[in-house]
Amino acid sequence: MPEHALQELIICSSSHMFARVARVSDRIVDIITSPSYVTRTLSLGSMPKVKKGRANSKSAALRQHTSGSRSAGKSTDSVAETIVNKLRRAYSAAANDAKAKQMKSYMRDKFEFYGLNAPERRAIDKRILSDFTPADVESHHQLLLLLWQQEQREFQACGVDHAVKHWRVLAPDEERCKASLECVQELITTKSWWDTVDLLASNVVGQFVLSFPSMMVPVMEQWVTHDNLWLRRTAILHQLRAKHKTDQDRLFRMCLQCCHEQEFFIQKAIGWALREHHKHQPQAVSRFVQDNKDRLAKLSQREALKHAAR
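Each chain has its residues counted from 1, running along the sequence as written. Residues qualify for local features only when their pLDDT is at least 70, as the model is predicted, and side-chain atom pairs are given and counted only at 80 or more; totals for whole chains, interfaces and linings, by contrast, use all residues. As a convention, hydrogens and water are excluded, and side-chain values are obtained from all of the structure's heavy atoms.

Our next topic: the packing of helix α11 (residues 194-211) against helix α13 (residues 229-237). To get an axis, fit a line to the C-alpha atoms, keeping to the stretch in contact for a helix; angles then go from 0 to 180 degrees between the N-to-C directions. Only DSSP runs of H or I reaching four residues or more are called helices, and only runs of E reaching two or more are called strands; each is numbered from the N terminus. Across the interface, α11 lies against α13 with an axial gap of 9 Å and an inter-helix angle of 40°. Accordingly, the angle class assigned to the pair α11 and α13 is oblique. Helix-helix and strand crossings are classified by hand; for α11 and α13 the assignment is right-handed. Contacts between α11 and α13 involve Trp194, Val197, Asp198, Ala201, Ser202 and Val205 from the former and Trp230, Arg233, Thr234 and Leu237 from the latter. In terms of residue class, the contact of α11 with α13 is made up of six nonpolar, two polar and two charged. Working definition: roughly parallel below 35 degrees, roughly antiparallel above 145 degrees, roughly perpendicular at 65 to 115 degrees, and oblique for all remaining angles. For any pair of crossing helices, the crossing counts as left-handed if the nearer helix is rotated counterclockwise from the farther one by less than a right angle, and right-handed if it is rotated clockwise. We call two residues contacting when some pair of their heavy atoms lies within 4.5 Å. Basically, the charged four are Asp, Glu, Lys and Arg, the nonpolar ten are Ala, Val, Leu, Ile, Met, Phe, Trp, Tyr, Cys and Pro, and anything else, Gly included, counts as polar.

Turning our eyes to something else, we now look at the pattern of salt bridges. The term salt bridge refers to a pairing of a side-chain nitrogen on Lys or Arg with a carboxyl oxygen on Asp or Glu at a separation within 4 Å. Per the counting criterion, the structure on display carries 13 salt bridges. In this structure, Asp161 and Arg121 form a salt bridge, with 3.0 Å as the shortest nitrogen-oxygen distance. Remark: Arg121 occurs in helix α6 (residues 118-129) and Asp161 occurs in helix α8 (residues 153-165); sequence separation between them is 40 residues. The partner of Glu261 in a salt bridge is Arg232, and the shortest N-O contact between them spans 2.8 Å. Placement of Glu261 in the loop between α14 (248-258) and α15 (264-278) and of Arg232 in helix α13 is noted, with a sequence separation of 29 residues between them. For the pair Glu261 and Arg232, a shared accessibility class is recorded, and that class is buried. The network of salt bridges with common partners includes Arg121, Arg122, Asp125 and Asp161. Accessible area is worked out with a 1.4 Å probe on protein chains only. A residue is then buried under 20% of its type maximum, exposed over 50%, and partly exposed in between.

Attention now goes to the state of the cysteines. Disulfide: a pair of cysteine sulfur atoms within 2.5 Å of each other. Under the criterion given, the structure shown has zero disulfides. You can see Cys255 has no disulfide; the closest cysteine sulfur is in Cys258, sitting 8.0 Å from it.

To continue, consider the nonpolar core. Proteins that are soluble and globular tend to have nonpolar side chains buried together. The term nonpolar core refers to a set of buried residues drawn from Ala, Val, Leu, Ile, Met, Phe, Trp, Tyr and Cys, joined through side-chain atoms within 4.5 Å. Ranked by size, the top nonpolar core spans 59 residues in total, and within it Ile188, Phe208, Met216, Trp223, Ile270 and Leu274 carry the most contacts. In this structure Trp223 touches Leu181, Gln185, Ile188, Val205, Leu231, Arg232, Thr234 and Ala235, once residues within four positions along its chain are discounted. Membership of the second largest hydrophobic core comes to 18 residues, among which are Ala90, Ile124, Phe132 and Leu143.

Pasting the structure below:
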């Protein structure tokens, strides 16, 4: 065989070999970064190295409070970081710059976006979080707090969906409900805007209140007078999904406690909470609005009776 042909054969064989090695390497990376592999690895006392992100002091303090033993805290941290890293790669691969600009503008330039619509993001979340099913609340706290530290809003949207889906895991008893409430309060008061706060208020905090009223109702009474706008809004909206279980006296009292405020998000929340209750107690809400028409903001009155004529 001519020398140049032999050299060409060697080069060709090497190229095929390197391509195969690259494919095998990619497969190994996929396996060792999967949550199921990480969970199995933890039981054997070994853990792949993952670069940790920086947390603000409040989040770091809360993680320390909820992480249990030091070694267990490190393990759950690493699992959460692995999941967030996988989400970041998947979000980046599906990013849409044009949509990202539109989303950022719609949210008043408060947050960065990858430009993923909800169905696209949820499909990614479902695939990556499918193996994340820990029974301990601390692991969920770690994941939620880490998602909230990320820059793009899709991470917080993922966290909201996760908290809503697993609220029973977060609060299986009063003690763990109390710990989870601290975590959720951190989420409400960090990177606060209606898109995350309202869902946490009605679908997580509201469920905590229904499950453990003796512990949670006093907390809502504190939040409705809190300096933080978003905690006040949460207190007003926490019964949004309660339907016939709504404590009407508490709802009306909280509306009157905040009705003097000029803040749009408070006036809107009062109207929204009353409108939802109107579906079940129309006469009571109509009478309440009429009796307090000189105290309730016009916006609150319009929202409360929006469907009254239908």
